[in-house]
Structures are given as C-alpha cells and as structure tokens.
Amino acid sequence: MSTPAPRQEASSNKDNRPTRGRVAILVHRAIPYTEIASKNTPNTEAIGITIHNTKYGSIDIFSIYCPKGNCTKEELKQLSSSKNNIIIGGDLNGHHELWGSNQRPNKSGKSLYSTLLEIPTISLITPPQLATYISPSTGRTSTLDITIASTAIANDSVVTLGPFLGSDHIPVVVETKISLKQPTTGPARWKFEESNWHKWNAEINKTLASEKFANCQLPLLIYHQFKEAMIGASHTYFKMTQPSHRTTSEPTKPWWNESSMSSGATHPSATNNHLLSKAGEPITCPNEKATIFLDTFFDRSDTQPAKNKYLEEQIYKAITCNQPNPLNSPITLNEIEESLRHLKSNATGLDLTHNKMITNLNKENREHMRRMFNTLLDHGEVPLEWKESVIIPIPKPNKSPKSPSSYRPISLTSCLGKVMERVIKNRLSCYLESNHLLPPTQAGFRPGRSTLASINM
C-alpha cells in the first residue's frame, strides 16, 4: 500500500475544491492486479486496485486522502461497500480518542467511528497512539493515517511505523499473511535431458510389463496404462517446471499534475487495457474473465448438437458391419511414423504428454502405442482427456484489448490424441481423394490446393 504524501496545507482552486492527485498505489510488477474505477467523492480522493488471494479471494485495496478532515459517514460506507474483502488506508485527517489523535474528535474521526460501529465486517487495525504525524511547529504527535480492513484480514495483520523519511508523516507499514494468486501463462513445461531417453524408454517398458499391458483388452485401461507409464517415467528422469507467471514491464504513463487537469487530459488510470464486461465495468475476477471468454468463443444457447438421423444410421452400420473396410483396418507403424514427421508444437495438453516424448519412443514402445491406438479404434472409444483442452485467448492485432471479441482462442490438446487424429485424417484424405468423392470446386482442406485454385476454375 502507498504511504501518504507529505502533509501540506490544503490548497483550493477557484471552485473551492481540494486539489487532486495526492493519492497513489505503487504495485510491484510481479503482482497481478486490476485497477478500480475512481472512488473520488466531494470530500475525499481515493484510488483502488483488486488483487486475488488464495485464502481471502479477491481483495480491494484503497488509498484515501481527506485534506480537510471533513469526510462523511456516507462517503466512507460507499468505499467500504465492496463485495470483496477490503483494506483501506490513508490520511483522513481524522481525530478521535479511539486511535489517539490527541485532539478533540472532528468530522472525519466521528464519521469513521460511526462507520466501524455500523459495519461489523470491517475493523480498525491501526493501534492506539501510533503517532503517524509530527507537527513541524510544535513537535506534537497525532494519529492521522488510519488503516481499516475486513475483519478476517485484520486478524492476520500487523501495523507498524516505518523509517523516518524527512516528512511530517511517518510511513505506515501494514503486514498481512496474504498469499497472492498468480495467473499462469500456460501449462507446466518439461525440461528434457537428452542423455536419459534410453533409461526413460526402459522404464516405460518395465512399467507396462509389470501391469500386464500386453494382456489387457479394455481400451480405456490400455490408454491409461500407457499414458501413465510415459508420465511416470518422465517424472523419474526429467524435470517439470511450475506454470510460469507473466512478469512484464508496464507501459510508461504520462506524468499527471495540475496542468494536466486544467488542460482536460485523461488521467493515466483511465487508459488501462483491462477486459471490460458488457456493462463497461473492469473484470477483476479470473473466473468472470473465463466466463466472458466462454460466452464469446462458444455458443452455449444449445449445448446439444443437431441430430442427423441419416448420418447416424450410416455411422452405426459402418461400426457394426463385419465386412472389411480400409478405413477401419489396423493402424500400422508406417502410418504412425508419417504422423510423427509433422509434430512441431512444444505445448502440452491436460494429460501432460509432450510431442518430444512421443518422437523419442523406441521401437518397442511405439508398438505399445500402436496397440493402444488400434484398441481404441476397434472399440470406438475416445479418452475423456482427448476431448478437453486448455484454451488460451490470444489478442488479435490492432484490436482493443478491452473487448473479449478482440481475442482468438488457441486450444492445447493431448499430444497423444493429436497423433491418432492425424493418422485418421491422413486415411480419410487419401480415401476421399483416391475415390474422387470430393467435388472439384472444393479447394479448402485439400493437399496441393489454395484459394487460387478456386479463382482459376
């Protein structure tokens, strides 16, 4: 939290309003936060941010300044009415015996005292006689810089004075047991040791032998055994990093002063690029952001896919037909080798399998993988993990980052699933092309064709 500005005589402009610009919150660039819309009132200045905590959820932190010591109870209650937990600190110029200001209670002091009595969920965490202010003329001390917080946070907080920095206000240090929830930029990553691939393959083969993999006939159990053998061997011989936390420098903001205000310039806090809700409010909760993107990327009005009775009948006949069909023939090692030639991505899906693991399988373990693919194909089973993905919103170029429609989704799916998917895709493509089942006017998703092919027809 910011420390208050050096005490000055409250200056006024021609409208008799207090000069703005005496509150600030400095945030370490490694801490994710969201700015809160201005909370200024006729008698106070206040700015705020929201951070996300693993213990208390979202926490709103406000820095407040009341230059004339005349804030009202309604102004303080408005600031304290957040649905999140709160920490509010700043120079209220409020006098009251509750915190030992050594002067008779004034309007700010009485307003804060009444607010604490009427809202049982917040507490004063400034200890009595903290003496945050030293009068330059008399040397008398007083407690003018007050900190209040939600009761749960207050019980885990300690307020002390910081070192003297040459101002008549002494810095106030608020220590809390808050563990920040860091947003991740993606799944965890594997760190491979090239010299360990031989031992890694031997470990997979040993694990599958101990689980009688060759005798198992249940498709999903076969998949589970093979996948877990790969991941288990990887944990033994390789390292996995924790999900990374984005730490980027913030863009430089213009200096804000009285001349900026008189010119009608926009305050730097109003130029943030946070995602906005449909109502135009900044979205601070990660779950709310996920919901906004989900509604933008996917139409959830009808979760049931449209049914096509004819196609369903044809699919059922093909599955139950005993006559051989080239599309249903056993997957060969050559088909798998062809699919492995096109693996490029270094990303992992939810099952943590990695393309580099698959390409480094030895001949024996590739045969195990082929058996797993064929068992799944024969039984028409698809593992649940292959149907799930990690979706990362990527900003579109030259689009406003405040709108969810300015992002496109990138899905990270299972690497094992993508290998089998490519095998099936290659089969379908070859079958359709060799039997001339696609119309000549179709250029999309066909090898050797592009948009120019449609123009030249």
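Analysis parameters
Residues numbered from 1 in each chain as written. Predicted model: local features only at pLDDT ≥ 70, side-chain atom pairs only at ≥ 80, totals over all residues. Heavy atoms only, no water. Pairing = 2+ DSSP bridges. Helix = DSSP H or I, 4+ residues; strand = E, 2+ residues; numbered from the N terminus. Axes fitted to C-alpha atoms, helices over the stretch in contact; angles between N-to-C directions. Contact = heavy atoms within 4.5 Å. Core = buried A, V, L, I, M, F, W, Y, C linked by side-chain atoms within 4.5 Å. Buried < 20%, exposed > 50% of the residue type's maximum accessible area, 1.4 Å probe, protein only. Expected span 1.5 Å × (residues − 1).

(A) Representation of the sheet that holds strand S5 (residues 122-124). Across the sheet, which stays open at both edges, the six strands sit in the order S1-S2-S3-S4-S8-S5 with mixed pairing between neighbours. Of all the strands in the sheet, the pair left with one neighbour each is strand S1 (34-36) and S5. Along the sheet, successive strands turn relative to each other by an average axial angle of 20°, direction set aside. In the sheet, strand S2 (residues 45-53) pairs with strand S3 (residues 57-65) via nine bridges, with the strands oriented antiparallel. Looking at S3, one finds that isoleucine 51 is bridged to isoleucine 59. On the sheet, helix H2 (residues 107-118) packs against S5 and strand S8 (145-150) and is oriented at approximately 135° with respect to S5.

(B) Summary view of the nonpolar core. Counting 32 residues, the largest nonpolar core has Trp200, Phe226, Ile358, Met369, Met372, Phe373 and Leu416 as the members making the most contacts within it. Secondary-structure elements contributing two or more residues to this core are helix H4 (197-210), helix H5 (219-237), helix H9 (333-340), helix H10 (355-359), helix H11 (363-379) and helix H12 (415-434). Looking at which element gives the most residues to this core, the answer is H5, with seven residues. Those residues in contact with phenylalanine 226, other than ones at most four positions away along the chain, are Leu208, Phe213, Leu361, Asn365, His368, Met369, Met372 and Leu416. In terms of nonpolar packing, the next biggest core, distinct from the first, is built from 17 residues, Ala46, Cys71, Ile86 and Ile122 among them.

(C) Structural view of unusual backbone geometry. Positive phi, close to 55°, is recorded for lysine 212, a residue that is not glycine. The topology assignment puts lysine 212 in the loop between H4 and H5. Looking at lysine 212, the relative accessible area reads 55%, which means it is exposed. Phi is positive for leucine 352, close to 70°, though the residue is something other than glycine. Judged by its relative accessible area of 24%, leucine 352 falls in the partly exposed class.

(D) Summary view of H11. Between its first and last C-alpha, H11 extends 25 Å over 17 residues, near the 24 Å set by a 1.5 Å rise per residue. Taken as a whole, H11 has its buried residues at Asn365, Arg366, His368, Met369, Met372, Phe373, Asn374, Thr375 and Leu376. Buried residues along H11 sit against H4, H5, H9, H10 and H12.

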